Amino acid sequence: CLVPVAGGVTAALLLSQALWLNETQAQVRQGWFMCSQEQWTQETGLSRWEQETARRALRRSGLLEERRVGMPAKLWFRVRPDAVWRALQAHAGASYR
């Protein structure tokens, strides 16, 4: 379950969508994909503030990276699948103790 790993329902929703985008868009860009605030809203239903809170939680937990590129700047994202896997394993191990 992604909710405890991501740090909440909104972060889990954003991470789930980011994982899907990572699989479908990031293959040729070393894992990086672009998604605008409007696209996140269309795909997840999250408001700007919910997105920012979720992204902050995912960055702090090391599950998502961000970078601004270009002029005007666009926000690019990269999921850290190794970190997601480790967090899921740790949570699963804690659940069975």
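Now for a description of the structure that goes with this document.

Criteria and thresholds
- Every chain's residues receive numbers from 1 upward, in the order its sequence appears when written.
- Only residues with pLDDT of at least 70 get local features here, since the model is predicted, and only at 80 or more are side-chain atom pairs given and counted; chain-wide, interface and lining totals rely on the full set of residues.
- Water and hydrogen atoms were dropped before computing side-chain values, which therefore reflect all heavy atoms in the structure.
- By the criteria applied, helices consist of DSSP H or I runs no shorter than four residues and strands consist of E runs no shorter than two, each listed in order from the N terminus.
- Any residue under 20% of the maximum accessible area for its type is buried, any over 50% is exposed, and the rest in between are partly exposed; the area is computed with a 1.4 Å probe on protein chains only.
- We call two residues contacting when some pair of their heavy atoms lies within 4.5 Å.
- Any two strands with at least two DSSP bridges between them are considered paired.

All right, on to the overall build of the protein chain then. The secondary structure content of the protein chain amounts to five helices and three strands. Written out in order from the N terminus, the α and β elements of the protein chain read α-α-β-α-α-β-β-α. Dimensions of the protein chain, computed from the C-alpha atoms along their principal axes, are close to 50 × 30 × 20 Å. Counting over 97 residues, the protein chain shows a buried share of 32%. In the protein chain, 50% of the contacts between residues at least 6 apart in sequence involve partners at least 24 apart.

As judged from the six bridges shared by strand β2 (residues 64–69) and strand β3 (residues 74–79), these two strands associate in the antiparallel manner. Following the sheet pairing, L64 is matched in β3 by V79.

No statement about biological role is implied by the geometric values presented.
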